[in-house]
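A structural walkthrough
Chain by chain, the residues:
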Amino acid sequence: MIEFKDVGLVYPNGTEGLKNINVKINEGEFVVIVGLSGAGKSTFIRSINRLVTPTSGSLLVDGEDILNYHSGNLRKLRTKVGMIFQNYNLVKRSNVFKNVLAGRLGHTGTLRSILNLYSKEDKSLAYESLNRVNIAEKLYNRADELSGGQQQRVSIARVLTQKPKYILADEPVASLDPPTSHQVMTYLKKINKEDKITTIVNLHFIDMAMEYADRIIGMRAGEVVFDGPASEVTEKTFEEIYGRSIREDDLRGGADES
Amino acid sequence: MTNENQSLVQKSVPLYPAKTKMQVTIIFFVVLGIYAFSMFWTQKEMVNGFGGALGNMYVVIEKFFPPNLSILPAIWNAMMQTIQMAIIATTVAAILTVPLAVLSAQNITTFKPLYVLTRTFLNLLRTIPDLVLAVIFVGLFGVGVFPGILALTIFSLGILAKLISETIESVDMNPLEAMRASGGNVFQVIWYALVPQVLPQFTSLVLYVFEINIRASVVLGLVGAGGIGLVLNQQLKFYNYPNAMTVILVIFAVVLIIEYISNKIREALI
Ligand SMILES: Nc1ncnc2c1ncn2[C@@H]1O[C@H](COP(=O)(O)OP(=O)(O)OP(=O)(O)O)[C@@H](O)[C@H]1O
Ligand SMILES: [Mg+2]
């Protein structure tokens, strides 16, 4: 369980990224965060694995306040929280298998990982993860030889190999075309259901949010302005979150093409 | 406000602010002035210089030719020594450069005092010319290969660490963030996300520095730091020009061959 208690974050330059956030995310939920650019979605999500550090309040992950974590337990925290990025963040010159095995870094000693001494289980886990996102045949391709959608699937496989309890995804489909976007979201949803991994996704497409989310959290100017089940959300809700009327580019579309 | 904007648009907005334009113009004329001035002064001497040189040319050529090729086997050892000096110095520098380059890359070493310290150290290192290093080490350890290797190592360490830390600073930080987010520690992040990105550049730069070292070690030999340069120096001292010419030809051939090979390798890498 993840619990934000009065969490605030002020960046060194004085920008308030988060203001007085109070949110509780339960086991197994699929939560989508929506909001305009600059609303604080990335800041919210990156606080959970401490890529940024909130400056006030407390943030509990499995009952422990992670805000006073230092290197040792920070590593442990990040090992159980997997992350997916907008730009896939693969090592482009390394092959797919090596990229996916990197998901084991947190579980592996420094020397073992540097010498590539992964256990048999780790290797078969990596292979199996690639299989689950249907990209095992690209095992030895260099990452930069893959298309955007394929790279994002590899990065999902990397997170799966990590065996996380939580998955954070920061705009995972923003660089993809509509059919590929739906494919990637479908994989995330499937993993969430099958492995019971709590998943938090930032999106700015409202149709996708409504289609895949169990629960939607709306943010504006660093504050949570909406929080409720996806079934209760209408276009009106989004207009309130965004503070303006809905436009064409707020929709990804293409649901039936995929 | 709107009026002002409109008039700006009508006047066609310049690409750079007027102040920048002014500064660039001034700098341009100052540089031009320096060129003109130095050209004027050097030419005064160059005219005599050239005249004299043409006259000397004939004398020099006559003295150096034909080269005495019979000493080839005798100087071969010294040439190999020079190559070995360059190899050892480049290897040691390539190893020592790794921690220094990482510590002086701003994107990896976020602890500022450490970064500033390494940077300053490397800058100091680079201000010492290789010849001065050689003279100092020959003074300390006597004539031979060892002071040459030391001088070359420190000389190439200065260049390599600087160039490689700049390569590190230009890498894509995204994969590093991903490795950190999946629980990797500093060494794992560097090994998995940084090393693959800089390895081709690293190899290429090491080869490049190796080429420089071959040439530099000849010059260092002149001040007593072993290798073929030492032989060349001796032959010149005894006015044995045909022998010296053979040495020069051998150096020329070896430098060309090594440059060719390392160019081919570097092309294949990038
Ligand atoms: N490193 C930083 N330093 C200073 N200010 C920052 C930093 N990162 C983000 N901000 C600011 O914090 C606010 C929230 O940014 P954040 O990246 O969380 O927004 P977002 O909702 O993810 O937007 P987007 O949809 O564009 O990704 C913005 O005003 C942004 O300018
Ligand atoms: Mg963002």
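Thresholds, definitions, all that
Residue numbers restart at each chain and count upward from 1, following the sequence in its written direction. All chains are assigned letters beginning with A, and all ligands numbers beginning with 1, in the order in which they are written. Local features in a predicted model are, by the rule used here, given only for residues with pLDDT of at least 70; side-chain atom pairs are given and counted only at 80 or more, and totals for whole chains, interfaces and linings are based on all residues. Only hydrogens and water are removed before side-chain values are computed, so all heavy atoms of the structure are retained for them. UniProt positions are given in the numbering used here, feature names are shortened, and annotations may be inferred rather than shown by experiment. Think of a nonpolar core as a cluster: buried Ala, Val, Leu, Ile, Met, Phe, Trp, Tyr and Cys residues, connected wherever their side-chain atoms sit within 4.5 Å. Each residue's exposure class comes from its accessible area (1.4 Å probe, protein chains only) as a fraction of the maximum for that residue type: buried when under 20%, exposed when over 50%, partly exposed otherwise. Elements are defined by DSSP. Helices are runs of H or I of four residues or more, strands are runs of E of two residues or more, and each kind is numbered from the N terminus. In what follows, a contact means two residues having at least one pair of non-hydrogen atoms within 4.5 Å. Only strands that DSSP links by at least two bridges are regarded as paired with each other. Only the stretch in contact is used when a helix axis is fitted, and all axes are lines through C-alpha atoms; the angle between N-to-C directions ranges over 0 to 180 degrees. In this description, buried area is defined as the sum, over both parts, of the accessible area (probe of 1.4 Å) that is lost when the two are combined. By definition, a salt bridge exists where a carboxyl oxygen of Asp or Glu is found within 4 Å of a side-chain nitrogen of Lys or Arg. For this analysis, a ring pair means two rings from Phe, Tyr or Trp (six-membered ring only for Trp) whose centres lie within 6.5 Å, classed as stacked if their planes differ by under 30 degrees, edge-to-face if by over 60, and tilted for the remaining angles. Consider each residue's heavy atoms; a residue with any of them within 4 Å of a molecule or strand counts as near. A 3.5 Å cut-off defines polar contacts: any pair of N or O atoms within that distance qualifies, except that in protein one atom must be a possible hydrogen donor and the other a possible acceptor, and neighbouring residues in sequence count only when both atoms are side-chain atoms. Per-residue accessibility takes into account occlusion by the displayed protein chains alone, with areas from the Shrake-Rupley method and a 1.4 Å probe. Under the scheme applied, nonpolar residues are Ala, Val, Leu, Ile, Met, Phe, Trp, Tyr, Cys and Pro; charged residues are Asp, Glu, Lys and Arg; polar residues are all the others, including Gly.

Per an unreviewed UniProt entry, chain B goes by Phosphonate ABC transporter, permease protein PhnE and derives from Ornithinibacillus caprae. The record held by UniProt for chain B lists under Sequence similarities (unreviewed entry) the comment "Belongs to the binding-protein-dependent transport system permease family."

You'll find chain A entered in an unreviewed UniProt entry as Phosphonate ABC transporter ATP-binding protein, with Ornithinibacillus caprae given as the organism.

Within the largest apolar cluster, 79 residues are counted, with the highest numbers of intra-cluster contacts made by A:Leu130, A:Ile156, A:Met185, A:Ile216, A:Phe238 and B:Ile168. Top contributing element to this core by residue count: helix H8 (residues 186-222) of chain B, with nine residues. What A:Leu130 contacts, discounting residues up to four positions off in sequence, is A:Val96, A:Phe97, A:Val100, A:Ile135, A:Ala136, A:Leu139 and A:Ala157. Counting 33 residues, the second-largest nonpolar core is a separate cluster that includes A:Val31, A:Ile48, A:Ile66 and B:Ala178.

Quick look at the sheet that holds strand E7 (residues 166-170) of chain A now. Residue and element names in this part refer to chain A. One open sheet accounts for six strands, arranged E6-E7-E8-E3-E9-E10; its pairing is mixed. Two strands close off the open sheet at either side, each with one partner strand: strand E6 (81-84) and strand E10 (223-229). On average, each strand axis in the sheet is inclined to that of its neighbour by 15°, with strand direction left out of account. In this structure, E7 lies alongside strand E8 (residues 198-202), joined through five bridges in parallel fashion.

Moving on: the UniProt feature "transmembrane region" (unreviewed entry) in chain B. Residues and elements named next belong to chain B. The feature "transmembrane region" (unreviewed entry), as given by UniProt, occupies residues 22-41, 82-103, 131-164, 189-210, 217-236 and 242-261 in the numbering adopted here. Secondary structure content for residues 82-103 is 100% helix and 0% strand, while the C-alpha to C-alpha distance between its ends is 31 Å. The span residues 217-236 is 75% helical and 0% strand by assignment, and the distance between its end C-alpha atoms comes to 17 Å.

The interface is formed by 29 residues belonging to chain A together with 21 residues belonging to chain B. When the two sides are added together, the surface that chain A and chain B hide from each other amounts to roughly 2,100 Å², 56% of it contributed by carbon and sulfur. When the area that chain A buries against chain B is broken down by residue, the three leading residues are A:Val91, A:Arg93 and A:Leu105, summing to 25%. Seen at the junction of chain A and chain B, the total is two salt bridges. A salt bridge links B:Asp172 to A:Lys92; the shortest N-O distance between them is 3.3 Å.

This part covers the packing of aromatic side chains. Residue and element names in this part refer to chain B. Enumeration according to the criterion identifies seven aromatic pairs over all chains in this entry. Geometrically, the ring pair formed by Phe137 and Phe141 is tilted, given 6.2 Å between the ring centres and 35° between the ring planes. With Phe137 and Phe141 both in helix H5 (residues 130-141) and four residues apart, the pair spans about one turn of that helix. Residue classification places Phe137 among the buried positions, given a relative accessible area of 12%. Seen in terms of ring centroids, Phe141 and Phe146 are 5.1 Å apart; in terms of plane orientation they differ by 90°. Their pairing is edge-to-face. The class for Phe141 is partly exposed, based on a relative accessible area of 44%. You can call Phe146 partly exposed: its relative accessible area is 47%.

Residue and element names in this part refer to chain A. The local shell around ligand 1 consists of Tyr11, Asn13, Thr15, Leu36, Ser37, Gly38, Ala39, Gly40, Lys41, Ser42, Thr43 and Glu171. Take Gly38: an N or O atom from its main chain is 2.8 Å from an oxygen atom of ligand 1. Ser42 has a polar side-chain atom sitting 2.7 Å from an oxygen atom of ligand 1. Contact with the protein chains removes 61% of the 630 Å² of surface that ligand 1 exposes when unbound. Here the residues of the shell around ligand 1 sort into three nonpolar, seven polar and two charged.

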